[in-house]
Every structure is written in structure tokens, then in C-alpha cells.
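An overview of the molecular structure
Below are the chains, spelled out letter by letter.
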Amino acid sequence: MELRQLIALMRRHWPSVVILTVLGAVAGLGLSLATPKEYSARNQVLITVQVGDSIGDLNQGTSYAERVVATYSMVARSPVVLDPVVEELGLPGSGRTLRGAVAVSTDPAAPIITITATWGNPEAAAAIANSVAKNLALTVQDLSPTAADGSPTVLVNSIDPATPPGRASVPHTRQNIALGAVLGLVLGLGWAALRTTLDVKVRTGEDVAALVPVPVLATVAVDAQASARTPVIIAPTASARSEEYRRLRTNLQFVNVANRPRSIVVTSSRSGEGKSVTVANLASTLASAGARVCLVDADLRRPSIAKYLGLEGAVGLTTILIGRVSLDDALQPYGDENLQVLASGQIPPNPSELLGSDAMVALLAQLRHRFDMVLVDTAPLLPVTDAAILSTSVDGVLVVAGSGIVTREQLKQSISMLDAVDAHILGIVLNRTKRAGDGMATYTYRADARHGLLEATAAERRASSASTPAAAPDAAPAAAAEAPTATAAAPAAPAPAPAAPAAVETPDELAAASGAGPTVVEPPAADSRDQSVSDGLSEHDSAAFAGLAHHGERDARGPQDAPSEPAAEDEESRHTVA
């Protein structure tokens, strides 16, 4: 593993690494606190040999002393020396018991024996070391041969008596803490490496680049406003999320400069990745730049654009395709006049066939002629083939990948499905990422007088007050009070459209944008909208759907249609009207 990969691993899983490191240090501290304190006292003795006065005798005596040092060091820990120590100091046990508390070492360069006694009391440790040295000297006198005059030939003299130590030798608190922290760090890095190896989800742009040869046009982070109790679907103009969608708008303009795409299908691999929220914000961003944009909800399995934007969804794409209404009657303005929305309309029993009909191709051509940009929201790629069918009729496909939602294999399979039908893949939008400190925090978009936003808001309030009719004086203060909110929030829906309900059942795309993760959607109950669709879908309309799909069926040029039919039937069974 390279240093860059190690740093990236620690940055991604730093909470686990830090927690395990701290736990290791705490464990080392706990071990030190649980270990009884022990004190070590040391006494050094010198062994000398009594010989003649000549130089030869002295050298011979020194060599003899060096040879017997190892012997006498073993004698120092024998019961013949330790038993008198136990009796003298009144210690518990016997000499054999005391042997574990006495350590003896020798110096290879000199006839010196170091006696170290370890005990729970510093005074007792020093007394044991001195007593062992004294009794060793007496024992050596008894064991060594005597001179002609009866004096001992080997003497043991203490050259460094033991004194009570000032600090405990056990436990080694600093060493235990350091060792515990190092072990915790190793465990943390191992855990992070294991999680990275076993993680099959797509989380970063590097993961996408390693999987498919498709560029990441933008990354959209999780926003607190999107996860609020009343979610804000369209990102406020002065927000970091709105800037991320503007970045996507800019990158789309440079995908193919010679032949810029004018009709784009926006899809995802599976549900819950935030494709509908992404395409709605992209449409709003393009419209705010002056482009004439048409947002088409072609997700005929689980439509959500009309509900997100607070528009009427009973009349739209499907009612145009069966010839019940014209395009002008079905288009609904949203915000300014640059953005027109074409809702899904009534949910048909045969979505794939309807989207692949000649009527759909003609409608897309008509929309491309009337608008600068046509954005089409479709169903996910893996469950059904709707997106693959529509991708052959537009200029490009934009794939939304939910960070932490879609797996690597699912993303690869989705790109392969689009390649199988020769679709022009423009890029990937990585959605629901974690916003890192990449400089966005230093360039905020809050309404601050230093940035001139408060003055602009006051000007808008004055303009709003001036444009209020004189016949309604009471409405002017309310409009002026609500103007700051209108500048920071999404543009309001047009007056004829009903307002969005305060509490709605949030689908997978709304959960993806809010950071709540994918949800399992149960078959919906027959609410008011489904009932209206059921009432409005007559037998004549069903026949029209079937006839249009039968006579205008087009080939999607992809082998994936057949294996996806069971999943399509499962999705259709939730919305098909008996």
C-alpha cells in the first residue's frame, strides 16, 4: 500500500482509527493502574582473592575471582543465603519463596555481582538487597578455602549498598500507554483496510474512475435542507448545493462542444439514488441561466416530478401520446417562463412499449425543436428497460450514482446496458456524497450585508411593494415580509397549480437527496390521485395505450429487455389499474 493510499484510508475511516487508538491507550493505562506497585533496590558486591604480594600472585588471584563470580552469583539465590534473610527480616514464606524477588547479575569485565531485590515496599526492598549481600559474604567465607593463617582467601565486600528507591519500578505506565496506543493504531488501520476491502459500494469519484470509463461531471453532497421535515427539493439559489448543480450545468456545456446535447435522459442504476431530485434541480439551474428548458417525467412506474414541484400530474406525457390532449395543454410552467414541466400523466399498463413508440419519438423531436434543452426523467436501469429504450431517441444519457447506495457491480452493469444499445453516455453525477472542507466553507452564500445580499433583498422588497395594486394595501406588508424567504428558497409554483402538501410520503429519490438512505416502498394504497387516475383511465384509454404500443413499437437494440421483464412486471403491478 502506497503512502497516498494509506493517508486516504485514514481520512476515510479516521473515526475508527482514532477510537481504537484511544481505546488501546486507555487499556494500557488501565493495566498500569491494576498492576500493584513494586520497588527495586540494588546492591553491588566485589569479589576479591587474598593472595601473595607479587604481581604474578595478584594476576592469578584476579583471574580466579573472575572465574568464581558465576558460581557465587548462583549461590546468592540459594536457600543457604536466603533462609537467613527471611529469618532476619521476618518475611513470609521461606528462602525458596524469596527467590522470585531476588535477581542476580554479573559484570563480564569485572568480578562484580549485582543483587536486585523487588518488593512492594521501598524500605523492605533495600533491606532485602543488603541482607542478601551480607549473608552471601558469610556463606562465601564458609565455602572458600582458608589461608595458612586461617584467614579466608575469598572476600565479598559491598561497594554500593542499597537505598530505598524513590519511585516504583513496576508498573511501567508510560510504556504501557504507548504500547497500547500503538496496538490500537495497528488494529484501527487493519479494521479500516478490512472495511475498504469488503466495501462494495461506490462512494467517491475515484471509485467511479476505477470501475467505468465515464467521467464524473459533478458531485452533489447531502444537504440538511433536503433532509428537513419539509424537504426543499429545489436547492435555494444562495446555497452550496445550488452551486454544485451549477457546476453540473457548466460541465454539461463542455461535454461535446461541437455537438452539444439538447435532449438528455437522466436515470440511475436502482431506486433511491436521487435521480428525480437531480434532474429537477438541473432543469431549474439551466432555466435560471436563460435557457428554455422542458422537464419531462417519463418515469411511468413511479412518477414523482409533479409531486415534488407541486404540479398537476394527472395530465401529461401519457395523455399526449394517446392523443387526448395537445402538448400546449399539458405543459405547465414552473418558476419563471423558461422552465416548462411535462408531468407523467396517467400511469399506463405498458410503459416500456409506450416509451418506445413512434409517437414518443415524434414528441421528443417536437420538444427538441421548441426548447433549448429537454431533460427526461426515467425509471432506473436495472429493474426495467425504459431508460435503455429512451436512450436511443435522445442526444445523451446522464447517470446518477448514489454514494453509499449503488454497488460497484450495479454501476458496471448499468453502463454495460447503455453500451449495449449504443447510448451516448455523457457522464455520471455522484449524489449524496459527504461534503469535505474543500474551500466551500470559506466562500459562503449566507445573506450577509458584507456581501451585498441584504441590500438586494431590500430592493426586492421595495420592488414587490411598488408592484402591489393599491386596492390591496394589506397584502403589501405580507409580500414585503416574505420577499427574503423567496430569494433564498426555490421559486414558487404558479398560481393555477395546487400547492404541495405539507407532509408527503417521500419516495426513494427524496430519501436519497435527504441522506436517509434507500427505503422499501410498499404497494401504495388507493389514495386520491390513484383514484382519479383509475376513474380517468377508461376502457377506451386502455385500448389506446395498447394500440399505440402495438403499432408503434420500436426495437431498443439491447438483449437486456428479456431478463428485465419480471422486474418490470413487479413494478407495473403496483400501479396498473384493473
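These numbers come from a predicted model, not from an experiment. (Residues numbered from 1 in each chain as written. Predicted model: local features only at pLDDT ≥ 70, side-chain atom pairs only at ≥ 80, totals over all residues. Heavy atoms only, no water.)

**Some points on the overall build of the protein**
Scanning the protein for helices and strands turns up 23 helices and 12 strands. The burial tally for the protein puts 43% of its 578 residues in the buried class. Considering only contacts in the protein between residues 6 or more positions apart, those separated by 24 or more positions represent 79%. In the form shown here, the protein has an accessible surface area of approximately 28,900 Å², with 56% of it arising from carbon and sulfur atoms. (Helix = DSSP H or I, 4+ residues; strand = E, 2+ residues; numbered from the N terminus. Buried < 20%, exposed > 50% of the residue type's maximum accessible area, 1.4 Å probe, protein only. Contact = heavy atoms within 4.5 Å. Areas by Shrake-Rupley, 256 points an atom, 1.4 Å probe, with all protein chains shown as cover.)

**Some words on the sheet that holds strand 9 (residues 339–342)**
Read across the open sheet, the 8 strands follow the order 5-12-11-6-10-7-9-8; overall the sheet is mixed. One side of each edge strand has no neighbouring strand; the edge strands of this open sheet are strand 5 (216–221) and strand 8 (332–333). The sheet contacts of helix 9 (residues 240–253) involve strand 5, strand 6 (263–268), strand 11 (396–402) and strand 12 (425–433), and relative to strand 5 the element is tilted by about 170°. Here helix 10 (residues 275–288) sits on the sheet in contact with strand 6, strand 7 (293–297), strand 9, strand 10 (373–377), strand 11 and strand 12, set at roughly 165° to strand 10. (Pairing = 2+ DSSP bridges. Axes fitted to C-alpha atoms, helices over the stretch in contact; angles between N-to-C directions.)

**Considerations on the pattern of salt bridges**
One pass over the structure, following the stated rule, counts 9 salt bridges. Across the salt bridge formed by Asp 386 and Arg 301, the nearest N and O atoms sit 2.9 Å from each other. Here Asp 386 is found in helix 16 (residues 386–390), whereas its partner Arg 301 is found in the loop between strand 7 and helix 11 (305–309), with 85 residues between them in sequence. Residues Asp 386 and Arg 301 agree in their burial class; the two are buried. Shared partners join several salt bridges into a network, and the residues in it are Lys 275, Asp 299 and Asp 377. (Salt bridge = Lys/Arg side-chain N within 4 Å of Asp/Glu carboxyl O.)

**Quick word on the packing of helix 9 against helix 10**
At a minimum axis separation of 9 Å, helix 9 and helix 10 run at an interaxial angle of 75°. Classified by the angle between their axes, helix 9 and helix 10 sit roughly perpendicular to one another. Residue-level inspection shows Arg 241, Tyr 245, Arg 246, Leu 248, Arg 249 and Leu 252 of helix 9 in contact with helix 10, the latter providing Val 277, Thr 278, Asn 281, Leu 282, Thr 285, Leu 286 and Ser 288. The class makeup of the residues in the contact of helix 9 with helix 10 is 6 nonpolar, 4 polar and 3 charged. (Parallel < 35°, antiparallel > 145°, perpendicular 65-115°, else oblique. Nonpolar A, V, L, I, M, F, W, Y, C, P; charged D, E, K, R; others polar.)

**Considering the sheet that holds strand 1 (residues 39–49)**
Taken in spatial order, the 4 strands make up an open sheet running 2-3-1-4, and their pairing is antiparallel. Here the strands that pair on one side only, and so sit at the sheet edges, are strand 2 (102–107) and strand 4 (154–160). Pairs of neighbouring strands in the sheet enclose a mean axial angle of 30°, with direction left out of account. Two elements, strand 2 and strand 3 (residues 110–119), share 6 bridges in a ladder whose sense is antiparallel.

**Section: a nonpolar patch on the surface**
A cluster of nonpolar side chains, contributed by Trp 14, Val 18, Val 22 and Val 26, occupies part of the molecular surface with about 390 Å² of accessible area. Assignment of secondary structure puts Trp 14 in helix 2 (residues 14–34). Overall, Trp 14 belongs to the exposed group, its relative accessible area being 53%. (Patch = residues over 30% accessible without salt bridge, like charges linked within 9 Å, V, L, I, M, F, W, Y side chains within 5 Å.)

**Considerations on the side chain of Ser 32**
Along the chain, Ser 32 turns up in helix 2. In this structure the side chain of Ser 32 is engaged in a polar contact, spanning 2.8 Å, whose partner is the side chain of Asn 176. Discounting chain neighbours no more than four positions away, the residues touching Ser 32 are Pro 171, His 172, Thr 173 and Asn 176. (Polar contact = N/O pair within 3.5 Å; in protein donor to acceptor, adjacent residues only side chain to side chain.)

**Quick look at the nonpolar core**
Judged by nonpolar contacts, the single largest core of 42 residues is most densely connected at Leu 317, Leu 342, Leu 363 and Leu 411. Ranked by residue count, the leading element in this core is helix 15 (residues 358–370), at 4 residues. If we ignore the near neighbours within four places in the chain, the residues touching Leu 317 are Val 296, Asp 297, Ala 298, Leu 300, Leu 342, Ala 343, Ser 344, Gly 345, Leu 355, Met 360 and Leu 363. (Core = buried A, V, L, I, M, F, W, Y, C linked by side-chain atoms within 4.5 Å.)

**Focus: the environment of Val 202**
If you trace the backbone, Val 202 turns up in the loop between helix 7 (173–198) and helix 8 (205–211). Separated by 203 residues in the primary sequence, Val 202 and Ile 405 have C-alpha atoms spaced 7.2 Å apart. Beyond its immediate sequence surroundings of up to four residues, Val 202 is in contact with Asp 207, Val 208, Leu 211, Gly 402, Ser 403, Gly 404, Val 406, Thr 407, Arg 408, Leu 411 and Leu 430.

**Quick look at unusual backbone geometry**
Backbone torsion omega between Val 170 and Pro 171 reads 5°, so that peptide bond is classified as cis. Inspection of the secondary structure puts Pro 171 in the loop between strand 4 and helix 7. One non-glycine residue, Asp 422, adopts positive backbone phi at about 60°. Mapped onto the fold, Asp 422 is located in the loop between helix 17 (408–420) and strand 12. Overall, the relative accessible area of 62% leaves Asp 422 in the exposed class. Phi is positive for Arg 432, which is not a glycine, with a value near 65°. Structurally, Arg 432 is set in strand 12.

**Some thoughts on the packing of helix 1 (residues 3–12) against helix 7**
Helix 7 packs onto helix 1 with a crossing angle of 90° between their chain directions and a minimal axis gap of 10 Å. As judged from the angle between their axes, helix 1 and helix 7 are roughly perpendicular. Along its contact with helix 1, which presents Leu 6, Leu 9, Met 10 and Arg 12, the element helix 7 presents Leu 189, Ala 192, Ala 193 and Thr 196. Partitioning the contact of helix 1 with helix 7 into residue classes produces 6 nonpolar, 1 polar and 1 charged.

**Side note on the confidence of the model for the protein**
Of all residues in the protein, 71% attain a pLDDT of 70 or more, and the chain-wide mean is 78. pLDDT under 50 marks residues 466–540. Its contacts with residues more than four places away, or in other chains, come to 97 contacts. Across residues 549–578, where pLDDT falls below 50, the model places 54 contacts with residues more than four positions away in sequence or in other chains. (pLDDT = per-residue confidence, 0-100.)

**A word on helix 7**
Since the α-helix packs 3.6 residues into each turn, any two residues three or four apart lie on the same face. Look at helix 7: 37 Å from first C-alpha to last across 26 residues, which is about the 38 Å you get at 1.5 Å a residue. Listed in full, the buried residues belonging to helix 7 are Gly 180, Gly 184, Gly 188 and Ala 192. Looking at the buried positions of helix 7, the neighbouring elements they touch are helix 1 and helix 2. (Expected span 1.5 Å × (residues − 1).)

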